[in-house]
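In case you want the letters, here they are:
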Amino acid sequence: MKQIIQYFKTHRYVWWGLYVPVYLVMFFTIEHFITDNYWATQLPIDDCIPFCKYFIVIYDAWAPLLVVTGLYLIAKDPEGYRRYMWTLIITFTASTIFCVLVPNGQDLRPAVVEGNDFFAWLVRMTYTADTNTNVFPSVHVVGVLSALFAVYRTPGLRQGCWHLAATVLGVVIIAATLLVKQHAFIDIVAGIVVGILGCWVVYGVIGPRRDRHLARQNESTQE
């Protein structure tokens, strides 16, 4: 325990991870209150997208992708971890606020998920835990883009096929949100927009300023 406490004292950037439980509280709170009388986001194009229960495994791989990315950055790239968390904080919070201001949901889920196999069971469990409301913009998409930007910006993950594997997984996860009827097509588009804007703010605006600040600190240390 002493080692853990000491680690947190000497690696203060890890505290940014406390946003995760804060976000979960916000998310499940609005999930509880926003259950009906919402803007339904589905469009005619969504009727052309089939339901495929097998993609639920890929859909649920979203959380491991974000967690593994964060843990790797904690261990190998503290500055990258900070920027990764800043991106999640900006985009997830903005998405949550929008859902509060504009209650939304989609009515695409099958009335009954048939079958007693593992995939059907996992779909039912996922539907229970994650309702059909608060879907615009898709936080699944926002999270995927945040993780991918972090991977692309991390030197240790540019080598080999790590960035390619992350990209493929990210694209399939985004497709899975449609195929398991957790999101409508417009939710995905909005998630892409929000994700790109958030990454631009962190990596295109805040990042360069912080780089200059860190450079000045290094120069003063060397003098």
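*Asks:* Looking at this structure, how should I read the overall build of the chain?
*Replies:* Along the backbone of the chain there are 10 helices and two strands. Listing the helices and strands of the chain from first to last along the sequence gives α-α-β-α-α-α-β-α-α-α-α-α. Here the C-alpha radius of gyration of the chain, 19 Å, is about what a compact globule of 223 residues would show, namely 17 Å. With the C-alpha coordinates aligned to their principal axes, the bounding extent of the chain is approximately 70 × 35 × 35 Å. The buried share among the 223 residues of the chain stands at 40%. Separation of charge centres in the chain, based on 16 positive and 15 negative side chains, amounts to 14 Å.

*Asks:* Explanation requested: the packing of aromatic side chains in the structure shown.
*Replies:* Both the distance between ring centres and the angle between the ring planes are used here to describe each pair of aromatic rings. Scanning all chains against the criterion turns up 13 aromatic pairs. For the ring pair Phe149 and Tyr203, a centre distance of 6.0 Å and an interplane angle of 25 degrees mean the geometry is stacked. Here Tyr203 lies in helix H10 (residues 185–222) and Phe149 lies in helix H7 (residues 139–153), a separation of 54 residues in the sequence. Connected via pairs of aromatic rings, a cluster forms that spans Tyr19, Tyr23, Phe27, Phe28, Trp62 and Phe92. Taking NZ or CZ as reference, Arg109 lies 4.0 Å from the ring centre of Tyr127, over its face.

*Asks:* Please clarify how the packing of H7 against helix H9 (residues 162–179) should be interpreted in this entry.
*Replies:* At a minimum axis distance of 10 Å, the contact between H7 and H9 shows a crossing angle of 175 degrees. The orientation of H7 relative to H9 falls into the category roughly antiparallel. Along its contact with H7, which presents His140, Val141, Val144, Leu148, Val151 and Tyr152, the element H9 presents His163, Ala166, Thr167, Gly170, Ile173, Ile174 and Thr177. Looking at the contact of H7 with H9, its residues break down into eight nonpolar, five polar and no charged.

*Asks:* Just checking my understanding: could you explain a nonpolar patch on the surface for this structure?
*Replies:* A cluster of nonpolar side chains, Leu43, Ile45, Phe185, Val189, Val193 and Leu197, forms an exposed patch at the surface whose accessible area comes to about 470 Å². Its location among the elements puts Ile45 in the loop between strand E1 (39–40) and helix H3 (56–59). Residue class for Ile45 comes out partly exposed when judged on its relative accessible area of 38%.

Conventions adopted
Residues numbered from 1 in each chain as written. Predicted model: local features only at pLDDT ≥ 70, side-chain atom pairs only at ≥ 80, totals over all residues. Heavy atoms only, no water. Helix = DSSP H or I, 4+ residues; strand = E, 2+ residues; numbered from the N terminus. Rg over C-alpha atoms; globule rule 2.2 N^0.38 Å. Buried < 20%, exposed > 50% of the residue type's maximum accessible area, 1.4 Å probe, protein only. Lys, Arg positive; Asp, Glu negative; His and termini not counted. Charge placed at Lys NZ, Arg CZ, Asp CG, Glu CD. Phe/Tyr/Trp six-rings, centres within 6.5 Å; stacked < 30°, edge-to-face > 60°. Lys NZ or Arg CZ within 6 Å of the ring centre and 35° of its normal. Axes fitted to C-alpha atoms, helices over the stretch in contact; angles between N-to-C directions. Parallel < 35°, antiparallel > 145°, perpendicular 65-115°, else oblique. Contact = heavy atoms within 4.5 Å. Nonpolar A, V, L, I, M, F, W, Y, C, P; charged D, E, K, R; others polar. Patch = residues over 30% accessible without salt bridge, like charges linked within 9 Å, V, L, I, M, F, W, Y side chains within 5 Å. Areas by Shrake-Rupley, 256 points an atom, 1.4 Å probe, with all protein chains shown as cover. Salt bridge = Lys/Arg side-chain N within 4 Å of Asp/Glu carboxyl O.

Geometric descriptors of this kind do not, in isolation, establish any biological role.
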